[in-house]
Amino acid sequence: MKILQYPDKRLRKKAKPIKKISEKIKKIIDNMFKTMIHNEGIGLAATQININLQIIVIGKINNICNSFALINPKIMKKSGSSSIEEGCLSIPKRKIFVPRYEKIKVKGLNLKGQKAIFTAKSLLSICIQHEIDHLKGKLIIDYL
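Not measured: the values here are computed from a predicted model. (Residues numbered from 1 in each chain as written. Predicted model: local features only at pLDDT ≥ 70, side-chain atom pairs only at ≥ 80, totals over all residues. Heavy atoms only, no water.)

Trainee: Is there a simple way to think about a positive patch on the surface in this case?
Mentor: On the surface, a cluster of positive charge is contributed by K74, K78, K107, K115, K136 and K138. Along the chain, K115 falls in strand β7 (residues 115–121). (Patch = residues over 30% accessible without salt bridge, like charges linked within 9 Å, V, L, I, M, F, W, Y side chains within 5 Å. Areas by Shrake-Rupley, 256 points an atom, 1.4 Å probe, with all protein chains shown as cover. Salt bridge = Lys/Arg side-chain N within 4 Å of Asp/Glu carboxyl O. Lys, Arg positive; Asp, Glu negative; His and termini not counted. Charge placed at Lys NZ, Arg CZ, Asp CG, Glu CD. Helix = DSSP H or I, 4+ residues; strand = E, 2+ residues; numbered from the N terminus.)

Quick look at the structure:
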């Protein structure tokens, strides 16, 4: 799938929640994983591939987590502060320090439509926050 590049206005669209996890949604998620891996990313939001739905995928991050998809993700709690130089597949060759929360509690749905609630910290927390920003039409350059 083609990743939208800044300044494409479609990156600013707010994603819509998913009501039912159909085979079409599962196929989109499968293609998102393939696209993320092909482009050497660690996360991807559906809005980055011009699909206006609340889906994020996160790749395997060292010993922190295995790959997973999260549908209709929401941050329930946040604490601490962190900042790393973040890159973005939609803004290649640009890295920006972005203020993030060190630890977050997240809820959403997994591929089976079951509720998923978990705590993420450090790089995983940052990655999830970055992808949720995309679902809201927000980019790392907005933090400049």
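Trainee: Please explain the pattern of salt bridges as it appears in this structure.
Mentor: Throughout the structure, instances matching the rule amount to six salt bridges. For R100, the salt bridge identified is with D133, shortest N-O distance 2.7 Å. Highlighted residues: R100 in strand β5 (residues 91–100) and D133 in helix α2 (residues 122–135), separated in sequence by 33 residues. Pair check on accessibility: R100 and D133 agree, each one buried. (Buried < 20%, exposed > 50% of the residue type's maximum accessible area, 1.4 Å probe, protein only.)

Trainee: What is the right way to read the sheet that holds strand β1 (residues 43–45) from this model?
Mentor: The pairing of strands in a sheet comes from backbone hydrogen bonds and takes either a parallel or an antiparallel form. Within the open sheet, the five strands sit side by side as β1-β2-β3-β6-β7. Their pairing is antiparallel. Where the open sheet ends on each side, the last strands, each with one partner, are β1 and β7. Each neighbouring strand pair of the sheet contributes to a mean axis angle of 40°, computed without reference to strand direction. Relative to strand β3 (residues 68–79), strand β2 (residues 55–58) runs antiparallel, the two sharing four bridges. Across the sheet, I58 pairs through a bridge with F68, a residue of β3. The sheet contacts of α2 involve β1, β2, β3, β6 (103–109) and β7, and relative to β2 the element is tilted by about 150°. (Pairing = 2+ DSSP bridges. Axes fitted to C-alpha atoms, helices over the stretch in contact; angles between N-to-C directions. Contact = heavy atoms within 4.5 Å.)

Trainee: Before we go on, may I ask you to explain the packing of aromatic side chains in this structure?
Mentor: We describe a pair of aromatic rings using the distance from one ring centre to the other and the angle between the two ring planes. For the coordinates displayed, the defined rule picks out one aromatic pair. A centroid spacing of 5.7 Å and a plane angle of 85° characterise the contact between F68 and F118, whose relative ring orientation is edge-to-face. With F68 in strand β3 and F118 in strand β7, this residue pair connects regions lying 50 residues apart in the sequence. (Phe/Tyr/Trp six-rings, centres within 6.5 Å; stacked < 30°, edge-to-face > 60°.)

Trainee: Whenever I open this one, the layout of surface pockets confuses me. Can you help?
Mentor: Over the atoms a probe the size of a water molecule is rolled, and this reveals where empty space is left. Computed from the structure, the largest pocket encloses a volume of approximately 390 Å³. Lining the largest pocket are 23 residues; nearest its centre among them are I42, E86, G87, C88 and L89. When residues of the lining of the largest pocket are assigned to their parent elements, the largest contribution, six residues, is made by α2. Residue composition of the lining of the largest pocket, by class: nine nonpolar, seven polar and seven charged. If you add up the space inside the second largest pocket, you get close to 330 Å³. In terms of lining residues, the second largest pocket is bounded by 16 residues, among which I75, Q129, I132, D133 and K136 are the most central. Broken down by secondary-structure element, the contributors of at least two residues to the lining of the second largest pocket are β3, β5 and α2. The residue makeup of the lining of the second largest pocket, split by class, is eight nonpolar, two polar and six charged. (1 Å grid on protein atoms, 1.4 Å probe; cavity = no way out; pocket = protein on both sides within 12 Å on 5 of 7 lines; lining within 4 Å. Points joined across faces, edges and corners; volume = space filled by probe spheres on them. Nonpolar A, V, L, I, M, F, W, Y, C, P; charged D, E, K, R; others polar.)

Trainee: Hey, could you run me through α2 in this one?
Mentor: One full turn of an α-helix is made of 3.6 residues, so residues set three or four places apart face in the same direction. With 14 residues, α2 extends 21 Å between its outermost C-alpha atoms, agreeing within 8% with the 20 Å of an ideal straight helix rising 1.5 Å per residue. Judged by how many residues are buried, α2 sits mostly within the fold: twelve of 14 residues are covered. Within the span of α2, buried status applies to L124, S125, I126, C127, I128, Q129, H130, E131, I132, D133, H134 and L135. Directly after α2, the chain includes G137, whose backbone phi takes a positive value near 80°. (Expected span 1.5 Å × (residues − 1).)

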